[in-house]
Amino acid sequence: MAIDSTFQAVLAAMGSFLMITLILAAIIIICQSRKAKHSPDRDRHRSITASSRLTSIAAGVDESASFDPSLQVSMAEIVVATKNFSTDLIVGDGSFGLVYKAKLNNGLTVAIKKLDPDAFQGFREFRAEMETLGQLRHRNLVKILGYCISGPDRILIYEFIERGNLDIWLHDSSSSTEQTLSLPLSWATRKKIVKGVANGLDYLHGLEKPIIHRDIKASNVLLDSEFEARIADFGLARTIDSSHSHVSTQVAGTMGYMPPEYKAGFTLATVKADVYSFGTLMLESAMGKRPNLPMAFDGVEMGFVEWARKMVAQNREMEMVDVNISREGLVECDVKEYFRIACLCTHEYPRERPAMKDVVHLLMQIC
(Lines give C-alpha, C1' and ligand atoms only; values in the text may rest on other atoms or scores of the structure.)
Protein backbone atom coordinates (compact mmCIF):
# COMPACT_ATOMS: atom_id res chain seq x y z
CA MET A 1 0.00 0.00 0.00
CA ALA A 2 2.89 2.34 0.89
CA ILE A 3 4.52 1.63 -2.49
CA ASP A 4 1.25 2.34 -4.32
CA SER A 5 0.84 5.62 -2.45
CA THR A 6 4.41 6.65 -3.32
CA PHE A 7 3.92 5.72 -6.97
CA GLN A 8 0.70 7.71 -7.15
CA ALA A 9 2.42 10.68 -5.57
CA VAL A 10 5.20 10.53 -8.16
CA LEU A 11 2.69 10.31 -11.00
CA ALA A 12 0.76 13.26 -9.60
CA ALA A 13 3.94 15.31 -9.34
CA MET A 14 4.95 14.45 -12.90
CA GLY A 15 1.48 15.33 -14.15
CA SER A 16 1.56 18.68 -12.38
CA PHE A 17 5.02 19.43 -13.80
CA LEU A 18 3.86 18.54 -17.31
CA MET A 19 0.76 20.71 -16.95
CA ILE A 20 2.79 23.68 -15.72
CA THR A 21 5.28 23.21 -18.60
CA LEU A 22 2.47 23.20 -21.15
CA ILE A 23 0.92 26.33 -19.66
CA LEU A 24 4.27 28.16 -19.70
CA ALA A 25 4.89 27.08 -23.29
CA ALA A 26 1.48 28.37 -24.31
CA ILE A 27 2.14 31.70 -22.62
CA ILE A 28 5.53 32.04 -24.37
CA ILE A 29 3.99 31.24 -27.76
CA ILE A 30 1.23 33.83 -27.26
CA CYS A 31 3.73 36.53 -26.22
CA GLN A 32 5.99 35.87 -29.22
CA SER A 33 3.01 35.97 -31.52
CA ARG A 34 1.91 39.35 -30.19
CA LYS A 35 5.45 40.72 -30.40
CA ALA A 36 5.80 39.59 -33.99
CA LYS A 37 2.49 41.20 -34.85
CA HIS A 38 3.81 44.61 -33.75
CA SER A 39 7.42 44.11 -34.86
CA PRO A 40 8.89 47.17 -36.68
CA ASP A 41 10.60 44.82 -39.11
CA ARG A 42 7.29 43.26 -39.95
CA ASP A 43 5.69 46.68 -40.37
CA ARG A 44 8.60 47.82 -42.54
CA HIS A 45 8.30 44.71 -44.67
CA ARG A 46 4.59 45.29 -45.02
CA SER A 47 5.26 48.93 -46.02
CA ILE A 48 7.88 47.89 -48.54
CA THR A 49 5.52 45.32 -50.00
CA ALA A 50 2.75 47.93 -50.32
CA SER A 51 5.19 50.41 -51.84
CA SER A 52 6.41 47.81 -54.31
CA ARG A 53 2.83 47.06 -55.25
CA LEU A 54 2.15 50.77 -55.87
CA THR A 55 5.35 51.06 -57.89
CA SER A 56 4.29 48.10 -59.96
CA ILE A 57 0.92 49.72 -60.58
CA ALA A 58 2.61 53.00 -61.57
CA ALA A 59 5.07 51.17 -63.78
CA GLY A 60 2.11 49.62 -65.57
CA VAL A 61 0.79 53.02 -66.68
CA ASP A 62 1.53 53.49 -70.37
CA GLU A 63 -0.43 56.18 -72.13
CA SER A 64 -0.02 58.64 -74.98
CA ALA A 65 -2.37 61.44 -75.94
CA SER A 66 -2.38 63.95 -78.76
CA PHE A 67 -4.11 67.32 -78.96
CA ASP A 68 -3.37 67.53 -82.68
CA PRO A 69 -5.41 65.20 -84.94
CA SER A 70 -2.47 64.83 -87.34
CA LEU A 71 -0.07 63.70 -84.59
CA GLN A 72 0.14 60.19 -83.20
CA VAL A 73 3.20 59.51 -81.10
CA SER A 74 4.36 56.88 -78.62
CA MET A 75 7.01 56.75 -75.93
CA ALA A 76 9.01 54.36 -78.12
CA GLU A 77 9.10 56.93 -80.92
CA ILE A 78 10.09 59.69 -78.49
CA VAL A 79 13.03 57.61 -77.24
CA VAL A 80 14.22 57.05 -80.82
CA ALA A 81 13.68 60.68 -81.86
CA THR A 82 15.71 61.99 -78.91
CA LYS A 83 18.38 59.28 -79.29
CA ASN A 84 17.43 58.04 -75.85
CA PHE A 85 17.41 61.62 -74.53
CA SER A 86 20.91 62.43 -75.69
CA THR A 87 22.56 65.47 -74.16
CA ASP A 88 23.49 66.55 -77.69
CA LEU A 89 19.84 67.35 -78.37
CA ILE A 90 19.18 69.44 -75.24
CA VAL A 91 18.00 72.93 -76.21
CA GLY A 92 16.72 74.17 -72.86
CA ASP A 93 16.43 73.62 -69.14
CA GLY A 94 12.92 74.63 -68.18
CA SER A 95 11.05 74.33 -64.91
CA PHE A 96 11.02 70.71 -63.72
CA GLY A 97 12.90 69.18 -66.64
CA LEU A 98 15.13 69.28 -69.70
CA VAL A 99 13.94 70.18 -73.20
CA TYR A 100 15.14 68.29 -76.29
CA LYS A 101 14.85 69.06 -79.98
CA ALA A 102 13.59 66.02 -81.89
CA LYS A 103 12.30 65.06 -85.33
CA LEU A 104 9.36 62.65 -85.40
CA ASN A 105 8.68 59.94 -87.98
CA ASN A 106 6.29 62.22 -89.88
CA GLY A 107 9.08 64.78 -90.33
CA LEU A 108 7.73 67.23 -87.76
CA THR A 109 10.35 68.90 -85.56
CA VAL A 110 9.13 69.24 -81.98
CA ALA A 111 10.36 70.16 -78.51
CA ILE A 112 10.31 67.28 -76.03
CA LYS A 113 10.27 68.06 -72.34
CA LYS A 114 11.12 65.23 -69.96
CA LEU A 115 9.84 66.11 -66.50
CA ASP A 116 11.87 65.29 -63.41
CA PRO A 117 10.37 62.13 -61.82
CA ASP A 118 9.65 63.86 -58.51
CA ALA A 119 8.50 67.15 -59.96
CA PHE A 120 4.92 66.28 -60.81
CA GLN A 121 1.84 65.00 -59.09
CA GLY A 122 0.01 61.72 -59.61
CA PHE A 123 -1.04 60.27 -62.92
CA ARG A 124 -4.65 61.45 -62.80
CA GLU A 125 -3.73 65.02 -61.80
CA PHE A 126 -1.05 65.18 -64.49
CA ARG A 127 -3.44 63.98 -67.17
CA ALA A 128 -6.18 66.40 -66.09
CA GLU A 129 -3.83 69.40 -66.20
CA MET A 130 -2.38 68.39 -69.56
CA GLU A 131 -5.83 68.05 -71.06
CA THR A 132 -6.66 71.55 -69.83
CA LEU A 133 -3.46 73.11 -71.18
CA GLY A 134 -3.69 71.08 -74.38
CA GLN A 135 -6.88 72.89 -75.34
CA LEU A 136 -5.28 76.34 -75.22
CA ARG A 137 -4.96 77.93 -78.64
CA HIS A 138 -3.51 81.41 -79.08
CA ARG A 139 -0.85 82.80 -81.38
CA ASN A 140 1.19 83.99 -78.37
CA LEU A 141 1.20 80.69 -76.49
CA VAL A 142 3.41 77.71 -77.25
CA LYS A 143 1.15 74.89 -78.38
CA ILE A 144 1.22 71.65 -76.38
CA LEU A 145 0.84 68.88 -78.97
CA GLY A 146 0.54 65.92 -76.62
CA TYR A 147 2.07 63.88 -73.83
CA CYS A 148 3.38 60.42 -73.08
CA ILE A 149 3.42 58.52 -69.80
CA SER A 150 5.39 55.35 -69.22
CA GLY A 151 5.90 54.21 -65.65
CA PRO A 152 7.41 57.15 -63.74
CA ASP A 153 8.29 59.06 -66.93
CA ARG A 154 6.25 62.10 -67.95
CA ILE A 155 6.92 63.54 -71.41
CA LEU A 156 5.44 66.72 -72.90
CA ILE A 157 5.47 67.39 -76.64
CA TYR A 158 5.50 71.03 -77.77
CA GLU A 159 5.73 72.78 -81.09
CA PHE A 160 9.35 73.75 -81.76
CA ILE A 161 9.98 77.52 -81.86
CA GLU A 162 12.85 78.46 -84.13
CA ARG A 163 14.68 81.37 -82.52
CA GLY A 164 14.92 80.17 -78.92
CA ASN A 165 14.06 82.26 -75.88
CA LEU A 166 14.13 85.99 -75.23
CA ASP A 167 16.70 85.69 -72.44
CA ILE A 168 19.33 84.53 -74.94
CA TRP A 169 18.58 87.38 -77.33
CA LEU A 170 18.78 89.99 -74.59
CA HIS A 171 21.79 88.74 -72.65
CA ASP A 172 23.80 86.10 -74.51
CA SER A 173 25.70 87.22 -77.61
CA SER A 174 27.57 83.95 -78.01
CA SER A 175 24.75 81.38 -78.33
CA SER A 176 24.82 80.97 -82.09
CA THR A 177 26.16 82.60 -85.23
CA GLU A 178 22.65 83.67 -86.27
CA GLN A 179 21.91 85.40 -82.99
CA THR A 180 25.35 86.96 -82.72
CA LEU A 181 24.91 88.58 -86.13
CA SER A 182 21.37 89.72 -85.28
CA LEU A 183 21.99 91.23 -81.87
CA PRO A 184 20.92 93.58 -80.47
CA LEU A 185 17.17 93.43 -80.92
CA SER A 186 15.78 96.71 -82.21
CA TRP A 187 13.42 98.88 -80.16
CA ALA A 188 10.58 98.03 -82.55
CA THR A 189 11.21 94.28 -82.17
CA ARG A 190 11.30 94.53 -78.38
CA LYS A 191 7.98 96.37 -78.37
CA LYS A 192 6.50 93.71 -80.65
CA ILE A 193 7.66 90.94 -78.30
CA VAL A 194 6.28 92.70 -75.23
CA LYS A 195 2.91 93.26 -76.93
CA GLY A 196 2.78 89.56 -77.85
CA VAL A 197 3.40 88.47 -74.26
CA ALA A 198 0.69 90.91 -73.09
CA ASN A 199 -1.79 89.41 -75.56
CA GLY A 200 -0.98 85.88 -74.42
CA LEU A 201 -1.46 86.75 -70.75
CA ASP A 202 -4.68 88.62 -71.50
CA TYR A 203 -5.99 85.44 -73.16
CA LEU A 204 -5.04 83.25 -70.17
CA HIS A 205 -6.52 85.66 -67.62
CA GLY A 206 -9.68 86.14 -69.67
CA LEU A 207 -10.65 82.47 -69.86
CA GLU A 208 -13.87 81.32 -68.17
CA LYS A 209 -11.58 79.75 -65.59
CA PRO A 210 -8.55 82.07 -65.71
CA ILE A 211 -5.08 80.54 -65.78
CA ILE A 212 -2.22 82.14 -63.85
CA HIS A 213 1.15 81.38 -65.43
CA ARG A 214 3.15 82.21 -62.25
CA ASP A 215 6.56 82.21 -63.94
CA ILE A 216 6.64 84.92 -66.59
CA LYS A 217 10.28 85.67 -67.41
CA ALA A 218 12.54 86.15 -70.42
CA SER A 219 13.59 82.50 -70.63
CA ASN A 220 9.91 81.46 -70.78
CA VAL A 221 9.22 83.67 -73.79
CA LEU A 222 10.09 81.93 -77.06
CA LEU A 223 10.48 83.70 -80.40
CA ASP A 224 9.38 82.33 -83.75
CA SER A 225 10.91 83.13 -87.13
CA GLU A 226 9.06 86.48 -87.24
CA PHE A 227 9.99 87.35 -83.65
CA GLU A 228 6.42 86.77 -82.54
CA ALA A 229 6.42 86.00 -78.81
CA ARG A 230 5.15 82.64 -77.50
CA ILE A 231 4.68 82.15 -73.77
CA ALA A 232 6.08 78.75 -72.75
CA ASP A 233 6.62 76.52 -69.73
CA PHE A 234 3.35 76.07 -67.88
CA GLY A 235 4.94 73.94 -65.15
CA LEU A 236 3.73 76.30 -62.42
CA ALA A 237 0.47 77.37 -64.06
CA ARG A 238 -2.74 77.08 -62.07
CA THR A 239 -6.40 77.31 -63.05
CA ILE A 240 -8.33 79.59 -60.73
CA ASP A 241 -12.00 80.20 -59.99
CA SER A 242 -14.08 83.34 -60.36
CA SER A 243 -12.38 84.92 -57.33
CA HIS A 244 -9.24 85.23 -59.48
CA SER A 245 -7.03 83.67 -56.85
CA HIS A 246 -5.50 80.30 -56.11
CA VAL A 247 -4.67 79.12 -52.60
CA SER A 248 -1.05 78.01 -52.50
CA THR A 249 1.33 77.23 -49.67
CA GLN A 250 4.38 77.67 -51.90
CA VAL A 251 5.89 80.78 -53.41
CA ALA A 252 6.16 80.23 -57.15
CA GLY A 253 8.22 82.16 -59.65
CA THR A 254 11.77 83.36 -60.25
CA MET A 255 13.84 85.80 -58.23
CA GLY A 256 13.70 89.26 -59.74
CA TYR A 257 10.28 88.70 -61.29
CA MET A 258 8.32 87.88 -58.13
CA PRO A 259 6.04 90.60 -56.71
CA PRO A 260 6.83 92.23 -53.35
CA GLU A 261 3.82 90.62 -51.66
CA TYR A 262 5.57 87.26 -51.96
CA LYS A 263 8.46 88.59 -49.89
CA ALA A 264 5.95 89.59 -47.22
CA GLY A 265 4.74 86.00 -46.99
CA PHE A 266 1.58 86.41 -49.08
CA THR A 267 1.41 83.18 -51.11
CA LEU A 268 -2.04 83.52 -52.68
CA ALA A 269 -1.54 83.23 -56.44
CA THR A 270 -3.40 85.95 -58.36
CA VAL A 271 -3.50 87.40 -61.85
CA LYS A 272 -1.93 90.56 -60.45
CA ALA A 273 1.25 88.58 -59.68
CA ASP A 274 1.49 87.77 -63.40
CA VAL A 275 1.00 91.47 -64.16
CA TYR A 276 3.95 92.38 -61.92
CA SER A 277 6.19 89.77 -63.59
CA PHE A 278 5.14 91.12 -66.98
CA GLY A 279 6.01 94.69 -65.95
CA THR A 280 9.45 93.47 -64.86
CA LEU A 281 9.84 91.76 -68.23
CA MET A 282 8.96 95.06 -69.94
CA LEU A 283 11.75 96.82 -68.05
CA GLU A 284 14.25 94.05 -68.76
CA SER A 285 13.41 94.03 -72.48
CA ALA A 286 13.90 97.78 -72.81
CA MET A 287 16.98 98.08 -70.61
CA GLY A 288 18.81 94.86 -71.49
CA LYS A 289 19.59 94.26 -67.83
CA ARG A 290 18.76 91.23 -65.67
CA PRO A 291 16.12 92.01 -63.03
CA ASN A 292 17.74 89.89 -60.32
CA LEU A 293 20.86 92.06 -60.16
CA PRO A 294 21.16 95.16 -57.91
CA MET A 295 21.30 98.63 -59.41
CA ALA A 296 22.94 101.82 -58.12
CA PHE A 297 21.11 105.14 -57.97
CA ASP A 298 23.14 108.16 -56.81
CA GLY A 299 25.58 105.78 -55.17
CA VAL A 300 22.88 103.83 -53.32
CA GLU A 301 22.36 100.17 -54.19
CA MET A 302 18.75 99.08 -54.70
CA GLY A 303 16.52 96.63 -56.50
CA PHE A 304 15.87 96.62 -60.25
CA VAL A 305 12.26 97.84 -60.13
CA GLU A 306 12.92 100.48 -57.47
CA TRP A 307 15.78 101.86 -59.57
CA ALA A 308 13.54 102.05 -62.65
CA ARG A 309 10.81 103.87 -60.77
CA LYS A 310 13.28 106.48 -59.47
CA MET A 311 14.64 107.02 -62.98
CA VAL A 312 11.13 107.51 -64.37
CA ALA A 313 10.31 109.94 -61.55
CA GLN A 314 13.22 112.10 -62.74
CA ASN A 315 12.18 111.88 -66.44
CA ARG A 316 15.33 109.96 -67.34
CA GLU A 317 13.62 107.29 -69.47
CA MET A 318 15.88 107.81 -72.49
CA GLU A 319 18.89 106.98 -70.29
CA MET A 320 17.22 103.70 -69.33
CA VAL A 321 17.04 102.34 -72.88
CA ASP A 322 19.62 99.63 -73.65
CA VAL A 323 22.81 101.37 -74.86
CA ASN A 324 23.06 98.77 -77.66
CA ILE A 325 19.83 99.99 -79.26
CA SER A 326 20.20 102.52 -82.05
CA ARG A 327 18.73 105.90 -81.11
CA GLU A 328 17.52 106.42 -84.66
CA GLY A 329 13.76 106.15 -84.77
CA LEU A 330 13.37 106.37 -81.00
CA VAL A 331 10.45 108.67 -80.16
CA GLU A 332 10.84 110.07 -76.65
CA CYS A 333 7.13 110.31 -75.89
CA ASP A 334 6.67 106.64 -76.84
CA VAL A 335 9.63 105.62 -74.70
CA LYS A 336 8.21 107.55 -71.75
CA GLU A 337 4.80 105.93 -72.18
CA TYR A 338 6.39 102.48 -72.41
CA PHE A 339 8.15 102.93 -69.07
CA ARG A 340 5.03 104.48 -67.51
CA ILE A 341 3.07 101.30 -68.35
CA ALA A 342 5.88 99.12 -66.95
CA CYS A 343 5.79 101.09 -63.69
CA LEU A 344 2.01 100.69 -63.47
CA CYS A 345 2.39 96.93 -63.81
CA THR A 346 5.10 96.80 -61.14
CA HIS A 347 3.20 98.87 -58.59
CA GLU A 348 3.97 97.80 -55.04
CA TYR A 349 0.29 97.21 -54.26
CA PRO A 350 -1.50 94.50 -56.32
CA ARG A 351 -4.82 96.36 -56.40
CA GLU A 352 -3.11 99.31 -58.14
CA ARG A 353 -1.81 97.17 -61.00
CA PRO A 354 -3.92 97.21 -64.18
CA ALA A 355 -5.62 94.12 -65.61
CA MET A 356 -3.85 92.61 -68.62
CA LYS A 357 -6.71 93.63 -70.93
CA ASP A 358 -6.02 97.25 -69.96
CA VAL A 359 -2.29 96.77 -70.44
CA VAL A 360 -2.90 95.48 -73.97
CA HIS A 361 -5.00 98.54 -74.72
CA LEU A 362 -2.31 100.91 -73.39
CA LEU A 363 0.45 99.17 -75.35
CA MET A 364 -1.55 99.38 -78.58
CA GLN A 365 -1.40 103.17 -78.29
CA ILE A 366 2.40 103.10 -78.59
CA CYS A 367 3.57 103.21 -82.21
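Residues numbered from 1 in each chain as written. Predicted model: local features only at pLDDT ≥ 70, side-chain atom pairs only at ≥ 80, totals over all residues. Heavy atoms only, no water.

The name recorded for the chain in an unreviewed UniProt entry is Protein kinase domain-containing protein, from Cannabis sativa. Quoted verbatim from the Subcellular location (unreviewed entry) field of UniProt, the annotation for the chain is "Membrane". Regarding the chain, the UniProt comment filed under Sequence similarities (unreviewed entry) reads as follows: "Belongs to the protein kinase superfamily." (UniProt positions renumbered as here; feature names shortened; annotations may be inferred.)

## Looking at the packing of aromatic side chains
A complete count under the given rule lists five aromatic pairs for this structure. Among the aromatic residues, ring-to-ring pairing joins Trp187, Tyr338 and Phe339 into one connected group. The ring of Phe85 carries Lys114 above its face, with NZ or CZ at 4.3 Å from the centroid. The positively charged end of Arg351 is found above the aromatic ring belonging to Tyr349, 5.4 Å away from the centroid. (Phe/Tyr/Trp six-rings, centres within 6.5 Å; stacked < 30°, edge-to-face > 60°. Lys NZ or Arg CZ within 6 Å of the ring centre and 35° of its normal.)

## Concerning unusual backbone geometry
Even without being glycine, Phe227 reaches a positive phi, approximately 60°. When you line up the elements, Phe227 lands in the loop between β8 (221-223) and β9 (229-231). Residues other than glycine seldom take positive phi values, yet Asn315 does so here, at roughly 60°. Secondary-structure assignment places Asn315 in the loop between α10 (304-313) and α11 (317-320). Given the relative accessible area of 55%, Asn315 is considered exposed. (Helix = DSSP H or I, 4+ residues; strand = E, 2+ residues; numbered from the N terminus. Buried < 20%, exposed > 50% of the residue type's maximum accessible area, 1.4 Å probe, protein only.)

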